[in-house]
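Analysis of the macromolecular model
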Amino acid sequence: MKILVINCGSSSCKFQLFETSTGDVLAKGNAERIGIDGKLTYKTPGKEDFVCLDPMPDHKVAVKMILDALVDKDHGVLSDIGEIKAVGHRVLHGGKYYSKSVIVNDDVKRVIRECFPLGPLHNPANLTGIEACESVLPEGTPQVAVFDTAFHMTMPPKAYTYALPYELTEKYSIRRYGFHGTSHRYVSRRAAEFLGKDYNEIKIITCHLGNGSSFAAVDHGKCVDTSMGLTPLAGICMGTRCGDIDPAIVPFLMTNENMSPDDIDVLMNKKSGVEGLSGVSSDFRDLEKASRAGNERATLALEMFEYQARKIIGSYAAAMGGVDVIAFTAGIGENTDYIRAHACEGLEFMGVKIDPSKNDGVRSEAVISADDSKVTVAIIPTNEELAIAQETEELVK
Ligand code: AMP
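Attention in this report is confined to the structure presented alongside it.

Scanning the chain from N- to C-terminus turns up 15 helices and 14 strands. For 397 residues, the compact-globule estimate of 2.2 N^0.38 gives 21 Å, and the chain sits close to it at 22 Å. In terms of overall dimensions, the chain has a C-alpha envelope of 60 × 55 × 45 Å along the principal axes. In the chain, buried positions account for 51% of the 397 residues. Pairs at least 24 residues apart make up 59% of the contacts formed inside the chain by residues separated by at least 6 positions. When the accessible area of the chain is evaluated, it comes to approximately 18300 Å², of which 51% is carbon and sulfur surface. Positive and negative side-chain charges of the chain, numbering 42 and 55 respectively, have mean locations separated by a distance of 1 Å.

Shown next, in the form of structure tokens:
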């Protein structure tokens, strides 16, 4: 089945067209600078990339241009737009309402809108993308919303509640939601499949380490805890996000640096993390280079990242009363052997033993723990777009 996957940002619309029977990507690309000028980059395997600089005043025009490119006689991959059987949309926030992906109807759109305050940068753009597709695709083409938060909805109240006055928690639906849910679901399931284990019988810790990083404790197929919170700012320190800090630092900085809530938001989301710490970069390749050259702050940033990862892995094993599988994924988790090794260092006491000969330099799906390690540690490359396509297919079938 041909499924189009759409990930809309405020001024961009990334897309991938899948043939789900094979998992093949037929075409992919990005419509950028929507509302500014417009740039569509379109790639198909075996053909030259195609770039179109026609104006893109809004998302509707952007989606129309993507669809036109897909049926274009020179670089298109479809003879008719009706070949697209459904569209899967990545949606950041489903609030407390959705624990699964859903076919979009008016109620779903209302909930996505209701969650604007919880995902102010993403949810409005995600809804715009849905409405743009509705207006330009043939009538009746199903649209599916795949929420980043849905997989974590199985967490128990003790894991998702913050110790704030209960009335405020209820009034504003303040709680831990967690993100990267599509990736944690995909990676935990794939890890069980790859290792020949029953997903519903084991305890898995998934470590999604990328520019944004999060962890999930998946006990017998259900997420029971995750490191991101009300927003994707919580958890381990990230590329430019500070992660968990003493909340009293917020009023302290506001008072002493004369900062507004917006200033604090920018500081903690865009100027902190390993970039803010090192003053070098948010990219781990740059940090590694700087650290090797003797930059002490780059070394500190890397050590903090590894140490915080190790603490979360240990705490999730404690929360679940054990762990059978630890799975590393995303840009850093898949590509950086020393981060995987250091994140597991010192965890021999709980049966985690990495085999350097299986870990060093490895970037693809593989077991990296020693044969005598009680806990299996693996690299499981994530593929959020394919996961969205598969969930969309399951729903519309
Ligand atoms: P993601 O958000 O999953 O795309 O991950 C992005 C991050 O992964 C980048 O900021 C890099 O720090 C890291 N990364 C990606 N590729 C590599 C690589 N080949 N070696 C080391 N780090 C990498």
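Let's pick the thread back up.
Take R285: it is sitting in helix α10 (residues 284–292). The exposure class of R285 is exposed, given its relative accessible area of 62%. Along the sequence, R285 and I332 sit 47 residues apart, while their C-alpha atoms lie 9.2 Å from each other.

A word on the site of the ligand. Around the ligand, the surrounding shell consists of G210, N211, S282, D283, F284, R285, A330, G331, I332, N335, T336 and R363. Within the contact set of the ligand, an oxygen atom lies 2.9 Å away from a backbone nitrogen or oxygen of G331. For the ligand, the protein covers 70% of the area, taking 500 Å² as the surface of the free molecule. Of all the secondary-structure elements, those providing two or more residues to the shell around the ligand are α10 and α12 (330–335). Counting residues per element, the shell around the ligand draws most heavily on α12, which supplies four residues. Per-class residue counts for the shell around the ligand are three nonpolar, six polar and three charged.

Two pairing modes exist for strands in a sheet, parallel and antiparallel, and in both the strands are linked by backbone hydrogen bonds. Spatial ordering of the open sheet is given by β5-β4-β3-β2-β1-β6-β8-β7, a layout of eight strands whose pairing is mixed. Because the sheet does not close on itself, it has two edges, and the strands there are β5 (50–52) and β7 (102–103). Bridge analysis of strand β1 (residues 2–8) against strand β6 (residues 84–91) gives five bridges, and the strand direction is parallel. The partner of I6 across the bridge, within β6, is H89. The sheet strands contacting helix α3 (residues 123–136) are β1, β6 and β8 (143–147), and the helix crosses β6 at an angle near 165°.

So, about the nonpolar core. F215, I313, I326 and F328 are the most contacted members of the largest nonpolar core, which totals 43 residues. Listed by contribution, the elements that provide at least two residues to this core are β9 (203–209), β10 (213–219), α10, α11 (296–320), β12 (325–329), α13 (337–344) and β14 (376–379). Every residue in contact with F215, bar those within four places of it in the chain, is listed here: H184, T206, C207, L209, D225, T226, S227, I236, A309, I312, I313 and Y316. Judged by nonpolar contacts, the second largest core, of 28 residues, contains F151, V187, V218 and A378.

What the rule picks out here adds up to four aromatic pairs. Taking 6.2 Å as the distance between ring centres and 85° as the angle between the ring planes, the aromatic pair formed by Y42 and F50 counts as edge-to-face. On the basis of relative accessibility, which here comes to 23%, the residue F50 falls in the partly exposed class. Taking 5.0 Å as the distance between ring centres and 5° as the angle between the ring planes, the aromatic pair formed by Y98 and F147 counts as stacked. With Y98 in the loop between β6 and β7 and F147 in strand β8, the pair connects residues that are 49 residues apart, well separated along the chain. For the pair formed by Y98 and F147, the shared burial category is buried. The structure contains a cluster of three or more aromatic residues connected by ring pairs, namely F15, Y42 and F50. When the ring centre of Y160 is taken as origin, the NZ or CZ atom of R175, which lies over that ring, is 3.6 Å away.

On to the pattern of salt bridges, then. This structure, assessed with the given rule, holds 21 salt bridges. In this structure, E131 and R113 form a salt bridge, with 3.5 Å as the shortest nitrogen-oxygen distance. Of this pair, E131 sits in helix α3 while R113 sits in helix α2 (residues 106–114), and the two are 18 residues apart along the sequence. Judged by relative accessible area, R113 falls into the partly exposed class, the value being 41%.

Here we come to the side chain of H180. Mapped onto the secondary structure, H180 falls in the loop between α5 (166–172) and α6 (181–194). Within the structure, the side chain of H180 is placed 2.7 Å from the side chain of S214, a separation counted as a polar contact.

Bringing the pairing of strand β2 (residues 13–19) into the picture now. With respect to burial, β2 is a largely interior element, six of its seven residues being buried. Where β1 lies against β2, seven bridges are found, and the strand directions are antiparallel. Paired with C8 across the two strands is C13, which belongs to β2. The antiparallel hairpin formed by β1 and β2 contains four residues in its connecting segment. Where β2 and strand β3 (residues 24–32) come together, seven bridges link them in antiparallel fashion.

Further remarks concern the packing of helix α1 (residues 59–71) against α3. Where α1 contacts α3, the two axes come as close as 8 Å, and the packing angle between them is 55°. Comparing their axes, α3 and α1 come out oblique. Considering only the axes of α1 and α3, their crossing is right-handed. Together, H59, K60, V63, K64 and L67 of α1 and T128, A132, C133, S135 and V136 of α3 make up the contact between the two elements. Looking at the contact of α1 with α3 residue by residue, the classes come out as five nonpolar, three polar and two charged.

What counts and what doesn't
- Residues numbered from 1 in each chain as written.
- Predicted model: local features only at pLDDT ≥ 70, side-chain atom pairs only at ≥ 80, totals over all residues.
- Heavy atoms only, no water.
- Helix = DSSP H or I, 4+ residues; strand = E, 2+ residues; numbered from the N terminus.
- Rg over C-alpha atoms; globule rule 2.2 N^0.38 Å.
- Buried < 20%, exposed > 50% of the residue type's maximum accessible area, 1.4 Å probe, protein only.
- Contact = heavy atoms within 4.5 Å.
- Areas by Shrake-Rupley, 256 points an atom, 1.4 Å probe, with all protein chains shown as cover.
- Lys, Arg positive; Asp, Glu negative; His and termini not counted.
- Charge placed at Lys NZ, Arg CZ, Asp CG, Glu CD.
- Near = heavy atom within 4 Å.
- Polar contact = N/O pair within 3.5 Å; in protein donor to acceptor, adjacent residues only side chain to side chain.
- Nonpolar A, V, L, I, M, F, W, Y, C, P; charged D, E, K, R; others polar.
- Pairing = 2+ DSSP bridges.
- Axes fitted to C-alpha atoms, helices over the stretch in contact; angles between N-to-C directions.
- Core = buried A, V, L, I, M, F, W, Y, C linked by side-chain atoms within 4.5 Å.
- Phe/Tyr/Trp six-rings, centres within 6.5 Å; stacked < 30°, edge-to-face > 60°.
- Lys NZ or Arg CZ within 6 Å of the ring centre and 35° of its normal.
- Salt bridge = Lys/Arg side-chain N within 4 Å of Asp/Glu carboxyl O.
- Parallel < 35°, antiparallel > 145°, perpendicular 65-115°, else oblique.
- Left-handed = near helix turned anticlockwise from the far one by under 90°.

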